[in-house]
Each structure stands twice: as structure tokens, then as C-alpha cells.
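Descriptive structure summary
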Amino acid sequence: MNRENKCKTFEKGYYKTHACKDTFTCKVCGRLCTPQNAGSDHRNHCPNCLSSLHVDIEPGDRASDCGGIMEPVAVWVRRGGEWAIIHRCKRCGTLSSNRVAADDNPMKLMSIAMKPLCEPPFPLDRIEEMTALMGGDGRLR
Ligand SMILES: [Zn+2]
Ligand SMILES: [Zn+2]
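Residues numbered from 1 in each chain as written. Chains lettered and ligands numbered in written order. Predicted model: local features only at pLDDT ≥ 70, side-chain atom pairs only at ≥ 80, totals over all residues. Heavy atoms only, no water.

1. Some details on the coordination of the zinc ion (ligand 1)
At this site the zinc ion (ligand 1) is bound by Cys26 (SG), Cys29 (SG), Cys46 (SG) and Cys49 (SG), with donor distances of 2.2 to 2.3 Å. Of note is the zinc ion (ligand 1), whose 4 donor atoms meet at the metal with angles of 103 to 114° in an arrangement that counts as tetrahedral. Sequence positions of the donors to the zinc ion (ligand 1) reduce to the motif C-x2-C-x16-C-x2-C. Within this pair, whereas Cys29 is found in the loop between strand 1 (24–25) and strand 2 (32–33), its partner Cys46 is found in the loop between strand 2 and strand 3 (52–53), the two being separated by 17 residues in sequence. (Donors = N, O, S within 2.8 Å, 3.2 Å for Na, K, Ca; no water. Tetrahedral: all angles 85-135°; square planar, octahedral: opposite > 155°, others 65-115°. Helix = DSSP H or I, 4+ residues; strand = E, 2+ residues; numbered from the N terminus.)

This is how it looks when you write it as C-alpha cells:
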């Protein structure tokens, strides 16, 4: 990383001082986030509430001026079975994908993964009808 550039951004905004390996206090839940247990170089979100801050354009570059809170909205599975979190910025709506860290709250990850299943955008009692429409056999015999 360009040192000179880093110093410049330090004066401009508080969030810019958070390099990947820095300790920071989560703006959402107040937890002190340390890089020690992350298991990777990218401690870019809180292991407790999984929220992040919109400070990057490319992962780790701290090039964004937004500084909004990045809300974890979804998880997906990368090739090889590794989980990643989709973050969406509450301020500008930018979406980004981040690897999960070793100490990320597993229950929070699960609850994000389960959310669409728990809140389907259609009535669950119509599933049988819909499976029939899809050509499958959703009927109980
Ligand atoms: Zn947090
Ligand atoms: Zn943003």
C-alpha cells in the first residue's frame, strides 16, 4: 500500500485509518474487533454482528469516501465450500462480497442464510400447488 496515500486519508476521515490488521470498535454493536482470531488478513467486518463499513472500493484499498454501515444481507458458498458474506451499504446501496473469518459468529451466519427460507415471498401452503405447476410431484400420497 502507498504510505503517502495512507497518511493523506488519515487526516481526511477516521475510517480510513482502519487497515486490515488494525483493531477497531464496531460501529453497530460496539464490540472491539481484533485481527488475531480472524484466520485471514481480511478482518473487514465485525465477528459478532458481521457488519462492516463502506471504506473499500476494491477489498482492502480504503478508497471509498462513503463510510456508511455495510449490513450483512446474505451469505453464499464459494467454489470449494467456503462461505462468503454479501454486504450492502446502508448509505449508498453498494454490494460487496467478503470471505467469512474463522471467528465469525456462526449463529449470525446461519440466521442470515436461513432468512429467505423463513420469510418466503409467497405463502408456504401454496408450495404443493407450485411444485405441480413446475412439473414436479409435490403431492403427498
Ligand atoms: Zn458488530
Ligand atoms: Zn456506501
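2. Focus: helix 2 (residues 106–118)
Compared with an ideal rise of 1.5 Å per residue, which puts 13 residues at 18 Å, helix 2 spans 18 Å between its outermost C-alpha atoms and is within 8% of the ideal. The largest bend along helix 2 measures about 30° and falls at Ile112, with the proline Pro116 one to four residues further on. Here helix 2 starts with a cap whose side-chain oxygen sits 3.0 Å from the backbone nitrogen of Met107, and that cap is Asn105. (Expected span 1.5 Å × (residues − 1). Bend = angle between axes of the 7 residues up to and from the residue. Polar contact = N/O pair within 3.5 Å; in protein donor to acceptor, adjacent residues only side chain to side chain.)

3. Focus on the side chain of Asp56
With respect to the helices and strands, Asp56 occurs in the loop between strand 3 and strand 4 (69–77). Among the polar contacts made by the side chain of Asp56, one reaches the side chain of Arg62 at a distance of 2.6 Å. If sequence neighbours within four positions are ignored, Asp56 has contacts with Asp61, Arg62, Ala63 and Ser64. (Contact = heavy atoms within 4.5 Å.)

4. What about the coordination of the zinc ion (ligand 2)?
For a metal with four donors in a tetrahedral arrangement, the ideal angle between donors is 109.5 degrees, while six donors in an octahedron ideally sit at 90 or 180 degrees. Protein ligation of the zinc ion (ligand 2) involves His54 (ND1), Cys66 (SG), Cys89 (SG) and Cys92 (SG), the donor distances falling in the range 1.9 to 2.3 Å. Every donor counted, the 4 donor atoms about the zinc ion (ligand 2) form angles of 104 to 120° at the centre, which fits tetrahedral coordination. Relative accessible area serves as the criterion here: at 3%, Cys89 is assigned to the buried category. Since its relative accessible area comes to 43%, Cys92 is described here as partly exposed. (Buried < 20%, exposed > 50% of the residue type's maximum accessible area, 1.4 Å probe, protein only.)

5. Notes on the sheet that holds strand 4
A sheet is described by the order of its strands in space; here 4 strands give the open sequence 3-4-5-6, paired in antiparallel fashion. With one partner strand each, in any of the chains shown, strand 3 and strand 6 (95–99) form the two edges of the open sheet. Sheet topology places strand 3 next to strand 4; 2 bridges connect them, and they run antiparallel. Residue pairing across strands places Leu53 opposite Ile69, the latter belonging to strand 4. The strands touched by helix 2 within the sheet are strand 4 and strand 5 (83–89), with strand 4 carrying the most contacts at an inclination of about 75°. (Pairing = 2+ DSSP bridges. Axes fitted to C-alpha atoms, helices over the stretch in contact; angles between N-to-C directions.)

6. Regarding the environment of Ala102
Of note, Ala102 is situated in the loop between strand 6 and helix 2. Take Ala102: its relative accessible area is 64%, and that puts it in the exposed class. Taking C-alpha positions, Ala102 is 8.8 Å from Pro47, a pair spaced 55 residues apart along the chain.

7. What to know about the pairing of strand 4
As paired elements, strand 4 and strand 5 share 7 bridges and run antiparallel to each other. Note on strand 5: the bridge partner recorded for Trp76 is Ala84. Between strand 4 and strand 5, which follow one another and run antiparallel, lie 5 residues, and Gly80 among them has a positive phi close to 95°.

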